[in-house]
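Architecture and fold: a report
For reference, the chains in residue letters:
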Amino acid sequence: GPKGTTVRVENLFYNTPARLKFLKSDATELAACVEVVSKCAVANPRVRFTLRHGSGTLVQTSGSGDFGTVVAEVWGREVARALAPVDFYNGQARVRGFVSPPHFTKPTRALQWFMVNGRPVRSKTLQAALDQALRSLTPEKRFPVAVLNVEVDPARVDVNVSPTKSEVRFHMEGGVFDAVRRGVAAALIATGMVPH
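The structure reproduced in this document is the subject of the present report.

Rules used in this analysis
Residue positions are given per chain, counted from 1 along the sequence in the order it is written. For a predicted model such as this one, the threshold for reporting local features is a pLDDT of at least 70, and the threshold for listing and counting side-chain atom pairs is 80 or more; totals across whole chains, interfaces and linings nevertheless cover every residue. As a convention, hydrogens and water are excluded, and side-chain values are obtained from all of the structure's heavy atoms. Each residue is placed in one exposure class: buried if its accessible area under a 1.4 Å probe, protein chains only, is under 20% of its type's maximum, exposed if it is over 50%, and partly exposed if it falls in between. The helix and strand labels rest on DSSP assignments: H or I over at least four residues marks a helix, E over at least two residues marks a strand, and numbering proceeds from the N terminus. Here a residue-residue contact requires only that any non-hydrogen atoms of the pair lie within 4.5 Å. Definition used for salt bridges: Asp or Glu carboxyl oxygen within 4 Å of a side-chain nitrogen of Lys or Arg. Angular values range over 0 to 180 degrees, each being the angle between N-to-C directions of two axes fitted as lines to C-alpha atoms, with helices fitted over their stretch in contact. Working definition: roughly parallel below 35 degrees, roughly antiparallel above 145 degrees, roughly perpendicular at 65 to 115 degrees, and oblique for all remaining angles. Here a crossing is called left-handed whenever its near helix is offset anticlockwise from the far helix by less than a right angle, and right-handed whenever the offset is clockwise. Any two strands with at least two DSSP bridges between them are considered paired. Put simply, buried Ala, Val, Leu, Ile, Met, Phe, Trp, Tyr and Cys residues joined by side-chain atoms within 4.5 Å make one nonpolar core.

Our next topic: helix H2 (residues 67–75). Inspection of H2 places Phe 67, Val 70, Val 71, Ala 72 and Trp 75 among the buried residues, and these make up the whole buried set. On the buried face of H2, the contacting elements are helix H1 (26–43), helix H3 (77–82), strand E4 (94–99), strand E6 (112–116) and strand E9 (146–151). Gly 76 occupies a position one or two residues after H2 and carries a positive phi of about 100 degrees.

Two side chains of opposite charge can pair, provided their charged atoms sit close to one another. Taken as a whole, this structure holds 10 salt bridges when the rule is applied. The shortest N-O distance in the salt bridge between Arg 109 and Asp 131 comes to 2.8 Å. Of this pair, Arg 109 sits in the loop between strand E5 (105–106) and E6 while Asp 131 sits in helix H4 (residues 124–135), and the two are 22 residues apart along the sequence. Here the salt bridges do not stand alone but share partners, grouping Asp 87, Arg 94, Arg 96 and Glu 151 into one network.

A few words on the packing of H1 against H2. The packing of two helices is summarised by the inter-axis angle and the distance between the axes. Taken N-terminus to C-terminus, the directions of H1 and H2 make an angle of 160 degrees; their axes are 9 Å apart at the nearest point. Classified by the angle their axes make, H1 and H2 are roughly antiparallel. You can see that H1 and H2 cross each other, and the crossing is right-handed. Between H1, through Ser 38, Ala 41 and Val 42, and H2, the contact on the second element is made entirely by Phe 67, Val 70, Val 71 and Val 74.

By the criterion of burial, E9 is predominantly enclosed, with five of the six residues buried. Taken together, the six bridges between E4 and E9 define a ladder with antiparallel strand orientation. For Gly 97, the partnering residue across the bridge sits in E9 and is Leu 148. Two elements, E6 and E9, share five bridges in a ladder whose sense is parallel. In the sheet register, Val 116 faces E9, and the bridge partner there is Val 150.

A few words on the nonpolar core. Grouped together as the largest cluster of nonpolar side chains are 29 residues, with contacts concentrated most on Val 99, Leu 148 and Val 184. Breaking this core down by element, the ones donating at least two residues are strand E3 (84–89), E4, E6, H4, E9 and helix H5 (173–190). Sorting elements by how many residues they give to this core places H5 first, with seven residues. Not counting chain neighbours up to four residues away, the residues in contact with Leu 148 comprise Val 86, Val 95, Arg 96, Gly 97, Phe 98, Trp 113, Phe 114, Met 115, Leu 130, Val 180 and Val 184. Formed by 14 residues, the second largest nonpolar core is a distinct cluster that contains Trp 75, Trp 113, Val 145 and Val 147.

Next up, the structure:
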C-alpha cells in the first residue's frame, strides 16, 4: 500500500482454530509469531514493524532501510556489535549479511537466519555452507549467529519445494554454496576474527 499504510491483525484466532489439536502452549505459539515477524522485519529493513502482545511491545523496528540497524533492533545492539559484515560475490550469487566470530556461538541454530532475494527461507545448502566456513576456523560443536541474504537470479531458484514455500532449492547449488562458504570465511578473516 501507499507510504504510511498500517496493517492490523487482531483476534486472529478468536474462535476455535481449524487445527487446534496441533497448537502448542501459548508461550510456544507466541515465540513462533515473534520469530516470523522478526525474520520479516530483517528481510524488509525499509518497512517498520511493531509486534505487540497484551500491553508489551515484543518487536519494533524503525524501517530505516539499513540492514545492520534492523538486525540491532531485532537481536539487540550487543549481539549486532559482535557480528562481522559479509559482502561477497562469486559470479553466481551475492551474499550479504552478518556472522558472529568463532568465540561468539550458540548451542542451537536458532539465530541462523537465511534469506534468498529478501525472503526468509530454510535451506540445508546454506546451512551446510555456513558450517563448513566455520569448521575451518573453529572445531567446536557450536553454532555461529548469522543473518545472510543470498541474491541470485530468481529463475535459478525453486521455491516450490514445500507447501509453505519456506524451503528453496537452487539450480546452481554449488555456486551458492561456494559464495556463502567463501563469503563468511573471508568476512571473519578480514576482521581478524580467527581463534588463537
